[in-house]
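In case you want the letters, here they are:
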Protein chains: 2
Amino acid sequence: MRYELHYWPGIQGRGEYVRLALEDAGAEYIEVDSSKSGSEPDFHPSFAPPYLKAGKLVIGQTANILLYLGPRLGLAPKTEAGRLWVHQLQLTLADWLTEAHDTHHPIGSGLYYEEQKREAKRRSQDFLANRLPKFLGYFNAAMKPGDKITYAHLSLFQVIEGLRYAFPRTMKKLERRHGTVAAVHKRVAARPRLAQYLASGRRIPFNQDDVFRHYPELEP
Amino acid sequence: MRYELHYWPGIQGRGEYVRLALEDAGAEYIEVDSSKSGSEPDFHPSFAPPYLKAGKLVIGQTANILLYLGPRLGLAPKTEAGRLWVHQLQLTLADWLTEAHDTHHPIGSGLYYEEQKREAKRRSQDFLANRLPKFLGYFNAAMKPGDKITYAHLSLFQVIEGLRYAFPRTMKKLERRHGTVAAVHKRVAARPRLAQYLASGRRIPFNQDDVFRHYPELEP
């Protein structure tokens, strides 16, 4: 099966969670620019990219794509209970990602950062003081260091990478108290195919048009 | 199977999406106050309520609970493609719900509305002008009037109910242009078991501690 990942070019964004799973599994896939006409299907349309074409299937919503891919790529448990648990973790990561995005866009995703900078400062303050520790604490308790790696582990790696880019000083402090999260990040980064991908030109660097952004003024 | 729905008392919140599915199917369930000690499981903990106990399973994240319940309650298609599509719709409804919540809490869910009223006005303006029409347009095109009812249809009903409560004048205008959405809402409301539930004391009224809130100043 050759998968087609339809997404915006030039950013990691939500597409990166799908890329990490495909790359880790050594799956065959191509990227299609979702902003080009003809990319969007009439059947089962998506509210927003990414979406995946897999044979006749068109699947939208990042967590849903991973729900589909997980068992096929060897990145999900075999039991229903296990799959529901991994999906639950993934949906919580999606919530975390939305909150991380909203630190720089608390008013509207269609407005520039500069138009909502004052609000972004307040939202970031709340995120760093309350939400970030809560999410880190949750995943630190919910995941076990020796667990078999699933797509949720790959996604946790990506969220940690992004948060290190966006809020480097806060993360440095907080990660010390969240050893399991740091250990999962390290294990994922060391997976051979993933390490190769991360060092390759295919891995888009973090940038200021992306979900994770580094504005020093948002990290006091 | 007698299900246990663990959630905060006194609000519809995200628990309501699960309640609607259980009520529509006439399933046996009890509610457990998730703020009471002993409610939260050590195994497969949730970041936040609601979570469902189903025999030995504990399932968190609203959309994940519905993914599990859907086929068991006759509220999901039989094919994998169909189930992925309904789940995709549900995840998009979850995104919509988060944005509706953030109209009155754009800075922090731990702060009072009064502490973020200025920002709430700006965020609501953007939501009403851009996001609400986009979501309505999407569901109006994605759903078909005659489709078999699934848990996503029940959830769409609930989102429309909530938005009518929060932004009555805007919804009145916008619904005229989104006939399929209005038709799905009507069909769901007319389902016998659901109509009975909605008229019963078990249906918690909309209120100002909930996800959907009516602040007239947010709807100019």
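All values derive from a computational prediction rather than experimental measurement. (Residues numbered from 1 in each chain as written. Chains lettered and ligands numbered in written order. Predicted model: local features only at pLDDT ≥ 70, side-chain atom pairs only at ≥ 80, totals over all residues. Heavy atoms only, no water.)

Draft legend 1. Summary view of the pairing of strand β1 (residues 3-7) of chain B. Residue and element names in this part refer to chain B. Along β1, four of the five residues are buried, which leaves the element largely enclosed by surrounding structure. On the question of chirality, the crossover connecting β1 to the parallel strand β2 (residues 29-33) by way of helix α1 (residues 15-25) is right-handed. When β1 meets strand β3 (residues 51-54), the two strands line up antiparallel, connected through three bridges. Residue E4 lies in a different strand from β3, and its bridge partner there is K53. (Buried < 20%, exposed > 50% of the residue type's maximum accessible area, 1.4 Å probe, protein only. Helix = DSSP H or I, 4+ residues; strand = E, 2+ residues; numbered from the N terminus. Right-handed = clockwise from strand over helix to strand, strands pointing away. Pairing = 2+ DSSP bridges.)

Draft legend 2. Quick peek at the side chain of H101 of chain A. Residues and elements named next belong to chain A. Within the secondary structure layout, H101 lies in helix α3 (residues 80-102). On the accessibility criterion, H101 (17% relative accessible area) is buried. Contact partners of H101, with chain neighbours within four places excluded, come to S109 and V211. (Contact = heavy atoms within 4.5 Å.)

Draft legend 3. Structural context of the relation of the copies chain A and chain B. Note on the copies: chain A fits chain B at an RMSD of 0.0 Å, the axial shift is 0.0 Å, and the rotation between them is 180 degrees. Interpreted geometrically, this transformation is the action of a two-fold axis. Distance from the rotation axis, computed per C-alpha, reaches its smallest value in chain A at P106 of chain A: 3.0 Å. An overlap of 100% is found between the interface residues of chain A and their copies at the interface of chain B, pointing to a shared contact surface. (Least-squares fit on C-alpha atoms with pLDDT ≥ 70 in both.)

Draft legend 4. The confidence of the model for chain A, seen in detail. On average, residues of chain A score 96 in pLDDT, and 100% of them reach the 70 mark or higher. For this predicted complex, the interface confidence comes out at an ipTM of 0.98, alongside a pTM of 0.98. (pLDDT = per-residue confidence, 0-100.)

Draft legend 5. View of the packing of helix α1 (residues 15-24) of chain A against helix α2 (residues 62-72) of chain A. Residues and elements named next belong to chain A. Put simply, α1 and α2 touch, their axes get as near as 9 Å, and they point 15 degrees apart. Relative to α2, the element α1 lies roughly parallel. You can see that α1 and α2 cross each other, and the crossing is right-handed. Contacts from Y17, V18, A21 and L22 of α1 reach α2 at T62, I65, L66 and L69. (Axes fitted to C-alpha atoms, helices over the stretch in contact; angles between N-to-C directions. Parallel < 35°, antiparallel > 145°, perpendicular 65-115°, else oblique. Left-handed = near helix turned anticlockwise from the far one by under 90°.)

Draft legend 6. Spatial organisation of a positive patch on the surface. Residues and elements named next belong to chain A. The grouping of K172, K173, R176 and R177 at the surface amounts to a positive patch. Relative to the assigned elements, K172 resides in helix α6 (residues 168-176). Overall, K172 belongs to the exposed group, its relative accessible area being 62%. (Patch = residues over 30% accessible without salt bridge, like charges linked within 9 Å, V, L, I, M, F, W, Y side chains within 5 Å. Areas by Shrake-Rupley, 256 points an atom, 1.4 Å probe, with all protein chains shown as cover. Salt bridge = Lys/Arg side-chain N within 4 Å of Asp/Glu carboxyl O. Lys, Arg positive; Asp, Glu negative; His and termini not counted. Charge placed at Lys NZ, Arg CZ, Asp CG, Glu CD.)

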